[in-house]
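What follows is each chain in one-letter form.
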Amino acid sequence: MRLSRYFLPTLKEAPADAQIVSHQLMLRAGLIRQEAAGIYAWLPLGLRVLRRIEQIVREEQVRAGGVELLMPTLQLADLWRESGRYDAYGPEMLRITDRHERELLYGPTNEEMITDIFRAYVKSYKALPLNLFHIQWKFRDERRPRFGVMRGREFLMKDAYSFDIDEASARRAYNRMFVAYLNTFARMGLKAVPMRADTGPIGGDLSHEFIVLADTGESAVFCDRKLVEMPAPGGDVDWDDLQSIVDQRTALYAATEEMHDAGRFEAETAEGDRLSARGIEVGHIFYFGTKYSAPMKAHVQGPDGKDAPVHMGSYGVGVSRLLGAIIEASHDEGGIIWPDAVAPFDVVVINLRANDAAVSAACEQAVAKLEGLGKEVLYDDTDERPGGKFATADLIGVPWQLTIGPKGLAEGVVELKRRATGEKLSLPLDEAIARLT
Ligand code: ATP
Ligand code: MG
Ligand code: MG
Ligand code: MG
(Lines give C-alpha, C1' and ligand atoms only; values in the text may rest on other atoms or scores of the structure.)
(Ligands and ions follow the chains in the order given, each with its own letter.)
Protein backbone atom coordinates (compact mmCIF):
# COMPACT_ATOMS: atom_id res chain seq x y z
CA MET A 1 0.00 0.00 0.00
CA ARG A 2 1.44 3.35 -1.07
CA LEU A 3 1.01 5.96 1.62
CA SER A 4 0.52 8.66 -1.05
CA ARG A 5 -2.59 6.77 -2.28
CA TYR A 6 -3.78 5.69 1.18
CA PHE A 7 -6.04 7.45 3.66
CA LEU A 8 -4.12 7.97 6.90
CA PRO A 9 -5.31 11.21 8.50
CA THR A 10 -2.90 11.57 11.44
CA LEU A 11 -3.19 14.43 13.93
CA LYS A 12 -0.36 16.40 15.58
CA GLU A 13 -2.38 16.70 18.78
CA ALA A 14 -5.24 14.76 20.23
CA PRO A 15 -8.47 16.66 21.05
CA ALA A 16 -8.55 17.82 24.68
CA ASP A 17 -11.48 15.55 25.58
CA ALA A 18 -9.42 12.41 24.95
CA GLN A 19 -8.37 11.63 28.52
CA ILE A 20 -6.46 8.37 28.30
CA VAL A 21 -3.45 7.51 26.18
CA SER A 22 -5.13 4.82 24.06
CA HIS A 23 -7.92 7.19 23.06
CA GLN A 24 -5.43 9.96 22.27
CA LEU A 25 -3.26 7.64 20.18
CA MET A 26 -6.20 6.12 18.31
CA LEU A 27 -7.26 9.60 17.23
CA ARG A 28 -3.72 10.82 16.48
CA ALA A 29 -2.76 7.71 14.50
CA GLY A 30 -5.87 7.99 12.33
CA LEU A 31 -7.55 4.77 13.50
CA ILE A 32 -10.97 6.14 14.39
CA ARG A 33 -13.06 9.26 14.14
CA GLN A 34 -15.87 10.14 16.51
CA GLU A 35 -19.20 10.66 14.73
CA ALA A 36 -21.36 11.03 17.85
CA ALA A 37 -20.83 10.36 21.57
CA GLY A 38 -19.57 6.77 21.79
CA ILE A 39 -20.05 6.18 18.04
CA TYR A 40 -17.01 5.91 15.80
CA ALA A 41 -16.08 5.58 12.16
CA TRP A 42 -13.28 3.07 11.64
CA LEU A 43 -10.67 4.65 9.39
CA PRO A 44 -8.62 2.33 7.14
CA LEU A 45 -5.75 1.74 9.58
CA GLY A 46 -8.10 1.14 12.51
CA LEU A 47 -10.22 -1.22 10.44
CA ARG A 48 -7.15 -3.32 9.63
CA VAL A 49 -6.39 -3.81 13.32
CA LEU A 50 -10.04 -4.45 14.17
CA ARG A 51 -10.20 -7.17 11.51
CA ARG A 52 -7.04 -8.86 12.76
CA ILE A 53 -8.28 -8.91 16.35
CA GLU A 54 -11.64 -10.23 15.15
CA GLN A 55 -9.87 -13.01 13.23
CA ILE A 56 -7.86 -14.16 16.26
CA VAL A 57 -11.05 -14.23 18.32
CA ARG A 58 -12.79 -16.22 15.57
CA GLU A 59 -9.98 -18.77 15.19
CA GLU A 60 -9.86 -19.47 18.91
CA GLN A 61 -13.65 -19.85 19.07
CA VAL A 62 -13.55 -22.35 16.23
CA ARG A 63 -10.65 -24.22 17.84
CA ALA A 64 -12.76 -24.59 20.98
CA GLY A 65 -15.67 -26.02 18.98
CA GLY A 66 -17.65 -22.86 18.22
CA VAL A 67 -19.75 -22.58 15.05
CA GLU A 68 -20.13 -19.13 13.53
CA LEU A 69 -23.39 -17.58 12.36
CA LEU A 70 -24.56 -13.98 12.10
CA MET A 71 -27.62 -12.53 13.77
CA PRO A 72 -29.07 -9.11 12.90
CA THR A 73 -28.47 -5.96 14.94
CA LEU A 74 -32.21 -5.22 15.18
CA GLN A 75 -34.43 -7.46 17.28
CA LEU A 76 -38.13 -7.61 18.04
CA ALA A 77 -39.15 -6.31 21.45
CA ASP A 78 -41.59 -9.21 21.80
CA LEU A 79 -38.73 -11.68 21.95
CA TRP A 80 -37.34 -9.82 24.95
CA ARG A 81 -40.80 -9.78 26.56
CA GLU A 82 -40.65 -13.57 26.62
CA SER A 83 -37.59 -13.55 28.86
CA GLY A 84 -38.82 -10.60 30.90
CA ARG A 85 -35.81 -8.48 30.02
CA TYR A 86 -37.53 -5.89 27.82
CA ASP A 87 -38.66 -3.85 30.79
CA ALA A 88 -35.80 -4.89 33.07
CA TYR A 89 -33.01 -3.72 30.77
CA GLY A 90 -33.64 -0.02 31.28
CA PRO A 91 -32.30 3.04 29.46
CA GLU A 92 -29.16 1.30 28.11
CA MET A 93 -31.42 -0.32 25.51
CA LEU A 94 -31.98 1.66 22.32
CA ARG A 95 -35.64 1.20 21.47
CA ILE A 96 -36.89 1.79 17.95
CA THR A 97 -40.35 1.83 16.32
CA ASP A 98 -40.78 0.96 12.64
CA ARG A 99 -43.39 2.40 10.21
CA HIS A 100 -45.91 -0.26 11.26
CA GLU A 101 -45.53 0.78 14.90
CA ARG A 102 -43.71 -2.46 15.63
CA GLU A 103 -41.33 -2.21 18.55
CA LEU A 104 -37.73 -3.09 17.85
CA LEU A 105 -34.46 -2.64 19.65
CA TYR A 106 -30.82 -2.45 18.64
CA GLY A 107 -29.36 -5.55 20.30
CA PRO A 108 -27.16 -5.01 23.36
CA THR A 109 -26.64 -8.82 23.52
CA ASN A 110 -28.33 -11.86 21.96
CA GLU A 111 -29.43 -14.45 24.54
CA GLU A 112 -33.09 -14.20 23.52
CA MET A 113 -32.49 -14.35 19.78
CA ILE A 114 -30.12 -17.31 19.91
CA THR A 115 -32.56 -19.15 22.19
CA ASP A 116 -35.28 -18.47 19.63
CA ILE A 117 -33.13 -19.85 16.81
CA PHE A 118 -32.18 -22.87 18.87
CA ARG A 119 -35.73 -23.79 19.87
CA ALA A 120 -36.90 -23.57 16.25
CA TYR A 121 -34.59 -26.38 15.14
CA VAL A 122 -33.09 -28.41 17.96
CA LYS A 123 -35.33 -30.93 19.66
CA SER A 124 -33.01 -33.72 20.74
CA TYR A 125 -29.96 -34.17 22.97
CA LYS A 126 -28.25 -35.77 19.94
CA ALA A 127 -27.47 -32.30 18.53
CA LEU A 128 -25.69 -31.34 21.77
CA PRO A 129 -23.32 -30.01 22.90
CA LEU A 130 -23.63 -26.99 20.61
CA ASN A 131 -21.83 -23.65 20.70
CA LEU A 132 -22.95 -20.91 18.31
CA PHE A 133 -21.19 -17.57 18.08
CA HIS A 134 -21.29 -14.36 16.07
CA ILE A 135 -19.23 -11.21 15.83
CA GLN A 136 -21.66 -8.34 15.48
CA TRP A 137 -22.14 -4.69 16.40
CA LYS A 138 -24.00 -4.02 19.61
CA PHE A 139 -25.57 -0.86 20.94
CA ARG A 140 -25.82 0.13 24.59
CA ASP A 141 -26.84 3.66 25.40
CA GLU A 142 -24.12 4.01 28.04
CA ARG A 143 -24.73 6.74 30.61
CA ARG A 144 -21.14 7.89 30.21
CA PRO A 145 -19.53 6.86 26.93
CA ARG A 146 -15.84 7.67 27.28
CA PHE A 147 -12.28 6.63 26.63
CA GLY A 148 -12.96 6.17 22.93
CA VAL A 149 -13.74 2.61 21.84
CA MET A 150 -13.15 1.41 25.39
CA ARG A 151 -16.68 2.45 26.41
CA GLY A 152 -18.50 3.13 23.20
CA ARG A 153 -22.24 3.08 22.66
CA GLU A 154 -21.89 1.17 19.39
CA PHE A 155 -19.22 -1.52 19.75
CA LEU A 156 -18.15 -4.81 18.21
CA MET A 157 -18.64 -7.87 20.37
CA LYS A 158 -18.02 -11.56 19.88
CA ASP A 159 -20.79 -13.38 21.70
CA ALA A 160 -21.02 -17.15 21.92
CA TYR A 161 -23.83 -19.25 23.37
CA SER A 162 -23.53 -22.83 24.55
CA PHE A 163 -26.32 -25.42 24.73
CA ASP A 164 -26.00 -28.60 26.80
CA ILE A 165 -28.20 -31.36 28.10
CA ASP A 166 -27.21 -30.96 31.75
CA GLU A 167 -25.12 -28.93 34.13
CA ALA A 168 -22.06 -31.21 34.00
CA SER A 169 -21.90 -30.92 30.23
CA ALA A 170 -22.53 -27.15 30.41
CA ARG A 171 -19.58 -26.78 32.76
CA ARG A 172 -17.36 -28.50 30.21
CA ALA A 173 -18.61 -25.98 27.63
CA TYR A 174 -17.81 -23.19 30.10
CA ASN A 175 -14.30 -24.56 30.57
CA ARG A 176 -13.74 -24.64 26.80
CA MET A 177 -14.55 -20.94 26.59
CA PHE A 178 -12.43 -20.24 29.67
CA VAL A 179 -9.39 -21.79 27.96
CA ALA A 180 -10.24 -20.27 24.56
CA TYR A 181 -10.21 -16.83 26.22
CA LEU A 182 -6.83 -17.40 27.85
CA ASN A 183 -5.41 -18.36 24.44
CA THR A 184 -7.17 -15.54 22.58
CA PHE A 185 -5.82 -12.74 24.75
CA ALA A 186 -2.32 -14.26 24.95
CA ARG A 187 -2.12 -14.32 21.14
CA MET A 188 -2.69 -10.54 21.19
CA GLY A 189 0.17 -10.04 23.61
CA LEU A 190 -2.18 -9.35 26.54
CA LYS A 191 -2.02 -10.69 30.06
CA ALA A 192 -5.70 -11.17 30.87
CA VAL A 193 -6.58 -12.57 34.29
CA PRO A 194 -9.82 -14.52 34.86
CA MET A 195 -11.61 -13.17 37.93
CA ARG A 196 -14.75 -14.22 39.78
CA ALA A 197 -17.42 -11.81 38.68
CA ASP A 198 -20.92 -10.61 39.28
CA THR A 199 -23.42 -11.87 36.74
CA GLY A 200 -25.39 -8.59 36.39
CA PRO A 201 -28.43 -8.42 34.10
CA ILE A 202 -27.42 -11.57 32.17
CA GLY A 203 -28.10 -13.58 35.35
CA GLY A 204 -26.79 -16.93 36.47
CA ASP A 205 -24.40 -18.32 39.04
CA LEU A 206 -21.00 -19.08 37.50
CA SER A 207 -19.13 -16.23 35.91
CA HIS A 208 -15.63 -14.93 35.22
CA GLU A 209 -14.46 -11.64 33.81
CA PHE A 210 -11.18 -11.52 31.92
CA ILE A 211 -9.31 -8.46 33.05
CA VAL A 212 -6.30 -6.71 31.54
CA LEU A 213 -4.49 -4.78 34.26
CA ALA A 214 -4.11 -1.07 33.46
CA ASP A 215 -4.04 2.05 35.62
CA THR A 216 -6.74 3.57 33.42
CA GLY A 217 -9.06 0.56 33.83
CA GLU A 218 -12.56 1.28 35.08
CA SER A 219 -12.77 -1.67 37.51
CA ALA A 220 -10.98 -2.12 40.82
CA VAL A 221 -9.64 -5.69 40.97
CA PHE A 222 -7.87 -7.88 43.51
CA CYS A 223 -5.81 -10.92 42.65
CA ASP A 224 -2.90 -13.18 43.34
CA ARG A 225 0.10 -11.83 41.45
CA LYS A 226 0.96 -15.35 40.24
CA LEU A 227 -2.09 -15.34 37.97
CA VAL A 228 -0.76 -12.43 35.94
CA GLU A 229 2.35 -14.27 34.80
CA MET A 230 0.77 -17.70 34.30
CA PRO A 231 1.23 -18.69 30.63
CA ALA A 232 -1.80 -19.53 28.48
CA PRO A 233 -2.44 -23.28 28.00
CA GLY A 234 -2.28 -23.13 24.19
CA GLY A 235 -4.39 -25.10 21.72
CA ASP A 236 -2.84 -28.51 22.31
CA VAL A 237 -5.06 -29.52 25.24
CA ASP A 238 -7.77 -32.12 25.84
CA TRP A 239 -10.84 -30.01 24.98
CA ASP A 240 -13.14 -32.53 26.65
CA ASP A 241 -11.38 -32.32 29.99
CA LEU A 242 -10.04 -28.92 30.91
CA GLN A 243 -11.04 -28.99 34.58
CA SER A 244 -7.47 -29.16 35.91
CA ILE A 245 -6.41 -26.17 33.78
CA VAL A 246 -9.38 -24.16 35.03
CA ASP A 247 -8.90 -25.31 38.64
CA GLN A 248 -5.23 -24.31 38.60
CA ARG A 249 -6.34 -20.73 37.95
CA THR A 250 -9.54 -20.50 39.93
CA ALA A 251 -7.74 -21.87 43.01
CA LEU A 252 -5.86 -18.56 43.22
CA TYR A 253 -7.72 -15.53 44.53
CA ALA A 254 -8.97 -13.12 41.87
CA ALA A 255 -12.10 -11.01 42.13
CA THR A 256 -13.60 -7.83 40.82
CA GLU A 257 -14.77 -5.15 43.23
CA GLU A 258 -18.39 -6.41 43.38
CA MET A 259 -17.22 -9.90 44.40
CA HIS A 260 -14.24 -8.91 46.52
CA ASP A 261 -13.95 -10.27 50.07
CA ALA A 262 -11.01 -8.63 51.86
CA GLY A 263 -10.94 -11.28 54.58
CA ARG A 264 -10.67 -14.14 52.12
CA PHE A 265 -8.08 -12.26 50.06
CA GLU A 266 -5.83 -11.95 53.10
CA ALA A 267 -6.41 -15.51 54.23
CA GLU A 268 -5.78 -17.07 50.82
CA THR A 269 -2.98 -14.93 49.44
CA ALA A 270 0.53 -14.33 50.79
CA GLU A 271 1.12 -10.65 51.47
CA GLY A 272 3.77 -10.29 48.76
CA ASP A 273 1.40 -11.84 46.18
CA ARG A 274 -1.57 -9.58 46.93
CA LEU A 275 -2.22 -7.29 44.00
CA SER A 276 -4.80 -4.50 44.20
CA ALA A 277 -5.01 -2.86 40.83
CA ARG A 278 -7.27 -1.45 38.19
CA GLY A 279 -8.32 -3.38 35.12
CA ILE A 280 -10.15 -3.40 31.81
CA GLU A 281 -12.87 -6.02 31.27
CA VAL A 282 -12.08 -7.51 27.85
CA GLY A 283 -14.19 -10.65 28.17
CA HIS A 284 -16.93 -12.11 30.33
CA ILE A 285 -18.26 -15.66 30.51
CA PHE A 286 -21.44 -16.93 32.20
CA TYR A 287 -23.15 -20.19 32.93
CA PHE A 288 -26.80 -19.48 33.65
CA GLY A 289 -28.53 -22.84 33.33
CA THR A 290 -32.15 -22.55 32.23
CA LYS A 291 -32.66 -18.83 32.85
CA TYR A 292 -33.69 -18.23 29.21
CA SER A 293 -34.51 -21.73 28.01
CA ALA A 294 -37.18 -22.28 30.69
CA PRO A 295 -39.31 -19.14 30.06
CA MET A 296 -38.71 -19.35 26.30
CA LYS A 297 -39.44 -23.11 26.22
CA ALA A 298 -36.23 -24.17 24.51
CA HIS A 299 -36.63 -27.82 25.44
CA VAL A 300 -34.76 -30.86 24.21
CA GLN A 301 -35.54 -34.51 24.59
CA GLY A 302 -32.96 -36.39 26.67
CA PRO A 303 -31.79 -40.02 26.21
CA ASP A 304 -34.56 -41.00 28.66
CA GLY A 305 -37.18 -39.59 26.27
CA LYS A 306 -38.12 -36.75 28.64
CA ASP A 307 -38.24 -33.09 27.59
CA ALA A 308 -36.27 -30.57 29.64
CA PRO A 309 -35.05 -26.99 29.16
CA VAL A 310 -31.54 -26.84 27.73
CA HIS A 311 -28.63 -25.60 29.87
CA MET A 312 -27.01 -22.47 28.50
CA GLY A 313 -24.03 -20.20 28.90
CA SER A 314 -22.96 -17.02 27.15
CA TYR A 315 -19.50 -15.71 26.45
CA GLY A 316 -18.61 -12.19 25.34
CA VAL A 317 -15.41 -10.55 24.07
CA GLY A 318 -15.16 -6.80 23.57
CA VAL A 319 -13.52 -6.92 20.13
CA SER A 320 -13.42 -3.15 19.57
CA ARG A 321 -12.54 -2.48 23.25
CA LEU A 322 -9.47 -4.68 22.74
CA LEU A 323 -7.81 -2.06 20.54
CA GLY A 324 -7.85 0.34 23.46
CA ALA A 325 -6.69 -2.31 25.92
CA ILE A 326 -3.79 -3.35 23.68
CA ILE A 327 -2.65 0.25 23.23
CA GLU A 328 -2.90 0.92 26.98
CA ALA A 329 -0.58 -2.08 27.47
CA SER A 330 1.76 -1.33 24.56
CA HIS A 331 2.88 2.21 23.71
CA ASP A 332 5.65 4.73 24.42
CA GLU A 333 6.16 8.50 24.01
CA GLY A 334 6.45 8.01 20.24
CA GLY A 335 3.12 6.28 19.82
CA ILE A 336 1.58 2.84 19.51
CA ILE A 337 3.61 -0.39 19.57
CA TRP A 338 1.40 -3.03 17.96
CA PRO A 339 2.12 -6.65 18.85
CA ASP A 340 3.00 -8.48 15.60
CA ALA A 341 -0.20 -10.53 15.71
CA VAL A 342 -2.57 -7.55 15.43
CA ALA A 343 -0.47 -4.95 13.60
CA PRO A 344 -2.16 -3.16 10.67
CA PHE A 345 0.94 -3.76 8.52
CA ASP A 346 3.93 -6.01 9.11
CA VAL A 347 6.47 -3.47 7.91
CA VAL A 348 6.65 0.12 6.72
CA VAL A 349 9.18 0.82 3.95
CA ILE A 350 10.39 4.40 4.29
CA ASN A 351 11.72 6.14 1.20
CA LEU A 352 14.04 8.91 2.39
CA ARG A 353 14.19 10.63 -1.00
CA ALA A 354 11.07 10.03 -3.04
CA ASN A 355 12.25 12.21 -5.92
CA ASP A 356 15.39 10.08 -6.43
CA ALA A 357 14.83 7.45 -9.11
CA ALA A 358 17.44 4.99 -7.77
CA VAL A 359 16.16 5.19 -4.17
CA SER A 360 12.57 4.80 -5.35
CA ALA A 361 13.50 1.81 -7.51
CA ALA A 362 15.23 0.15 -4.54
CA CYS A 363 12.18 0.82 -2.35
CA GLU A 364 9.80 -0.60 -4.92
CA GLN A 365 11.97 -3.68 -5.26
CA ALA A 366 11.93 -4.14 -1.47
CA VAL A 367 8.14 -3.72 -1.34
CA ALA A 368 7.62 -6.22 -4.17
CA LYS A 369 9.87 -8.81 -2.50
CA LEU A 370 8.18 -8.43 0.87
CA GLU A 371 4.71 -8.61 -0.65
CA GLY A 372 5.82 -11.67 -2.62
CA LEU A 373 6.67 -13.26 0.73
CA GLY A 374 3.15 -12.56 1.98
CA LYS A 375 3.95 -9.50 4.09
CA GLU A 376 1.54 -6.59 4.47
CA VAL A 377 3.61 -3.55 3.53
CA LEU A 378 2.95 0.16 3.92
CA TYR A 379 5.23 2.06 1.54
CA ASP A 380 5.92 5.65 2.57
CA ASP A 381 6.54 7.15 -0.87
CA THR A 382 5.52 10.67 0.15
CA ASP A 383 7.76 13.71 -0.16
CA GLU A 384 7.53 14.50 3.57
CA ARG A 385 10.79 15.24 5.50
CA PRO A 386 12.60 12.19 6.99
CA GLY A 387 11.85 13.38 10.55
CA GLY A 388 8.13 13.50 9.80
CA LYS A 389 8.22 10.05 8.23
CA PHE A 390 9.95 8.51 11.24
CA ALA A 391 7.50 10.20 13.60
CA THR A 392 4.52 8.86 11.63
CA ALA A 393 5.99 5.35 11.50
CA ASP A 394 6.54 5.41 15.27
CA LEU A 395 3.08 6.86 15.92
CA ILE A 396 1.19 4.20 13.94
CA GLY A 397 3.25 1.47 15.59
CA VAL A 398 4.03 -0.87 12.68
CA PRO A 399 6.43 -3.51 14.15
CA TRP A 400 9.26 -3.04 11.61
CA GLN A 401 10.57 0.02 9.76
CA LEU A 402 12.77 -0.53 6.70
CA THR A 403 14.42 2.73 5.66
CA ILE A 404 16.13 3.27 2.33
CA GLY A 405 18.02 6.48 1.46
CA PRO A 406 20.67 7.65 -1.00
CA LYS A 407 23.62 7.38 1.40
CA GLY A 408 22.91 3.82 2.47
CA LEU A 409 22.12 2.80 -1.08
CA ALA A 410 25.58 4.00 -2.22
CA GLU A 411 27.07 1.78 0.52
CA GLY A 412 24.75 -1.13 -0.30
CA VAL A 413 22.82 -1.02 2.99
CA VAL A 414 19.37 -0.22 4.34
CA GLU A 415 18.28 0.43 7.92
CA LEU A 416 16.00 -1.95 9.76
CA LYS A 417 14.36 -0.76 12.99
CA ARG A 418 12.30 -2.78 15.45
CA ARG A 419 9.56 -0.45 16.73
CA ALA A 420 9.22 -2.15 20.13
CA THR A 421 12.87 -1.91 21.17
CA GLY A 422 14.13 0.93 18.99
CA GLU A 423 17.00 -1.36 17.95
CA LYS A 424 18.43 -0.39 14.54
CA LEU A 425 20.55 -2.44 12.17
CA SER A 426 22.37 -1.34 9.06
CA LEU A 427 22.53 -4.23 6.60
CA PRO A 428 22.13 -5.24 2.93
CA LEU A 429 18.53 -5.30 1.67
CA ASP A 430 18.46 -9.08 1.19
CA GLU A 431 19.57 -9.64 4.77
CA ALA A 432 16.97 -7.19 6.04
CA ILE A 433 14.27 -9.03 4.12
CA ALA A 434 15.52 -12.37 5.42
CA ARG A 435 15.15 -11.07 8.97
CA LEU A 436 11.55 -10.09 8.29
CA THR A 437 10.52 -13.54 7.13
P1 ATP B 1 -18.82 -3.04 31.40
O2 ATP B 1 -18.73 -3.57 32.82
O3 ATP B 1 -17.51 -2.53 30.90
O4 ATP B 1 -19.96 -2.08 31.23
P5 ATP B 1 -20.41 -5.26 30.73
O6 ATP B 1 -20.13 -6.12 31.90
O7 ATP B 1 -21.65 -4.44 30.74
O8 ATP B 1 -19.15 -4.30 30.47
P9 ATP B 1 -20.86 -7.62 29.09
O10 ATP B 1 -22.34 -7.61 29.04
O11 ATP B 1 -20.18 -8.56 29.99
O12 ATP B 1 -20.34 -6.11 29.37
O13 ATP B 1 -20.35 -7.74 27.56
C14 ATP B 1 -19.26 -8.54 27.11
C15 ATP B 1 -18.04 -7.69 26.74
O16 ATP B 1 -18.37 -6.63 25.85
C17 ATP B 1 -17.42 -6.98 27.92
O18 ATP B 1 -16.58 -7.86 28.65
C19 ATP B 1 -16.63 -5.87 27.26
O20 ATP B 1 -15.36 -6.33 26.84
C21 ATP B 1 -17.48 -5.53 26.04
N22 ATP B 1 -18.25 -4.29 26.26
C23 ATP B 1 -19.32 -4.11 27.07
N24 ATP B 1 -19.77 -2.85 27.02
C25 ATP B 1 -18.95 -2.20 26.16
C26 ATP B 1 -18.90 -0.86 25.68
N27 ATP B 1 -19.80 0.04 26.08
N28 ATP B 1 -17.94 -0.53 24.79
C29 ATP B 1 -17.05 -1.45 24.37
N30 ATP B 1 -17.04 -2.73 24.78
C31 ATP B 1 -17.98 -3.11 25.67
MG1 MG C 1 -21.97 -2.43 30.97
MG1 MG D 1 -18.91 -5.46 33.58
MG1 MG E 1 -19.52 -8.06 31.91
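Scoring rules and cut-offs
Counting from 1, residues in each chain are numbered in the order their sequence is written. In the order they appear in the text, chains get letters beginning with A and ligands get numbers beginning with 1. Under the rules for a predicted model, residues below a pLDDT of 70 receive no local features and side-chain atom pairs below 80 are neither given nor counted, while totals for whole chains, interfaces and linings still include all residues. Where side-chain values are given, they derive from all heavy atoms of the structure, hydrogens and water being excluded. The numbering of helices and of strands both runs from the N terminus, where a helix is a DSSP run of H or I of at least 4 residues and a strand a run of E of at least 2. Each residue is assigned to one of three classes by its accessible area relative to the maximum for its type, calculated with a 1.4 Å probe on protein chains only: buried under 20%, partly exposed between the two thresholds, exposed over 50%. Here a polar contact is recorded for every N or O atom pair within 3.5 Å, except that within protein the pair must consist of a potential hydrogen donor and a potential acceptor, and residues adjacent in sequence are included only if both atoms are side-chain atoms. We call two residues in contact whenever any of their non-hydrogen atoms come within 4.5 Å of each other. Axis definition: a line fitted to C-alpha atoms, over the contacting stretch in the case of helices. Angles run 0 to 180 degrees between N-to-C directions. Roughly parallel means an angle under 35 degrees; roughly antiparallel means over 145; roughly perpendicular covers 65 to 115; every other angle is labelled oblique. The crossing is said to be left-handed when, going from far helix to near helix, the turn is anticlockwise and less than a right angle, and right-handed when the turn is clockwise. Polarity classes work like this: nonpolar for Ala, Val, Leu, Ile, Met, Phe, Trp, Tyr, Cys and Pro, charged for Asp, Glu, Lys and Arg, and polar for all others, with Gly in that last group. Nonpolar cores are built from buried Ala, Val, Leu, Ile, Met, Phe, Trp, Tyr and Cys residues. Side-chain atoms within 4.5 Å join them into one set. For this analysis, a salt bridge means a side-chain nitrogen from Lys or Arg found within 4 Å of a carboxyl oxygen belonging to Asp or Glu. Think of it this way: DSSP has to see at least two bridges between two strands before they count as a pair.

(A) How the structure looks around the side chain of Arg153. Here Arg153 shows up in the loop between β7 (130-139) and β8 (154-164). Assessed through its relative accessible area of 18%, Arg153 is described here as buried. Only 2.7 Å separates the side chain of Arg153 from the backbone oxygen of Ala37, close enough to count as a polar contact. Excluding residues that lie within four positions of it along the chain, Arg153 makes contacts with Ala37, Gly38, Ile39, Lys138, Phe139, Arg140, Asp141, Glu142 and Pro145.

(B) Unusual backbone geometry, seen in detail. For the bond running from Leu128 to Pro129, omega is 0°, close enough to zero to count as cis. Examined against the element boundaries, Pro129 turns out to sit in the loop between α5 (111-121) and β7. Even without being glycine, Glu101 reaches a positive phi, approximately 65°. For Phe147, which is not glycine, the phi torsion reads 60° and is therefore positive. Following the sequence through the fold, Phe147 ends up in the loop between β7 and β8. For Phe147, a relative accessible area of 11% gives the class buried.

(C) Representation of the packing of helix α2 (residues 44-63) against helix α6 (residues 167-187) in the model. Across the interface, α2 lies against α6 with an axial gap of 9 Å and an inter-helix angle of 150°. Classed by the angle they form, the pair α2 and α6 counts as roughly antiparallel. By crossing handedness, the relation of α2 to α6 is classed as right-handed. Contacts between α2 and α6 pair Ile56, Val57, Glu59, Glu60, Gln61 and Arg63 from the former with Met177, Ala180, Tyr181, Asn183, Thr184 and Arg187 from the latter. Considering only residue class, the contact of α2 with α6 consists of five nonpolar, three polar and four charged.

(D) Representation of the nonpolar core in the model. Ranked by internal contacts, the top residues of the largest apolar core, which has 73 residues, are Ile53, Tyr181, Phe185, Met188, Phe210, Val282 and Trp338. Sorting elements by how many residues they give to this core places α6 first, with ten residues. If near-sequence neighbours (up to four positions away) are discounted, Ile53 is found in contact with Met188, Val319, Leu322, Leu323, Ile326 and Val342. Among the nonpolar cores identified, the runner-up in size contains 24 residues, and Leu132, Phe286, Ala298 and Val300 belong to it.

(E) Inspection of the pattern of salt bridges at higher detail. Summed over the entire model, instances satisfying the criterion amount to 34 salt bridges. The salt bridge partner of Glu376 is Arg48, with a shortest N-O separation of 3.0 Å. With Glu376 in the loop between α11 (357-372) and β20 (377-380) and Arg48 in helix α2, the pair connects residues that are 328 residues apart, well separated along the chain. On the basis of relative accessible area, Glu376 is assigned to the partly exposed category, the value being 40%. The salt bridge partner of Asp78 is Arg81, with a shortest N-O separation of 2.8 Å. Here the residue Asp78 and the residue Arg81 both occupy positions in helix α3 (residues 77-83), the gap between them amounting to three residues, near one helical turn.

(F) Representation of the sheet that holds strand β5 (residues 94-97) within the structure. Overall, antiparallel pairing links the three strands, which are arranged β4-β6-β5 in an open sheet. Each edge of the open sheet carries a strand with a single partner, namely β4 (74-76) and β5. Taken over all neighbouring pairs, the strand axes of this sheet differ in orientation by 40° on average, direction set aside. Of the pairings in the sheet, the one linking β4 to strand β6 (residues 103-106) comprises three bridges and is antiparallel in character. Within the sheet, the bridge partner assigned to Gln75 lies in β6 and is Leu105.

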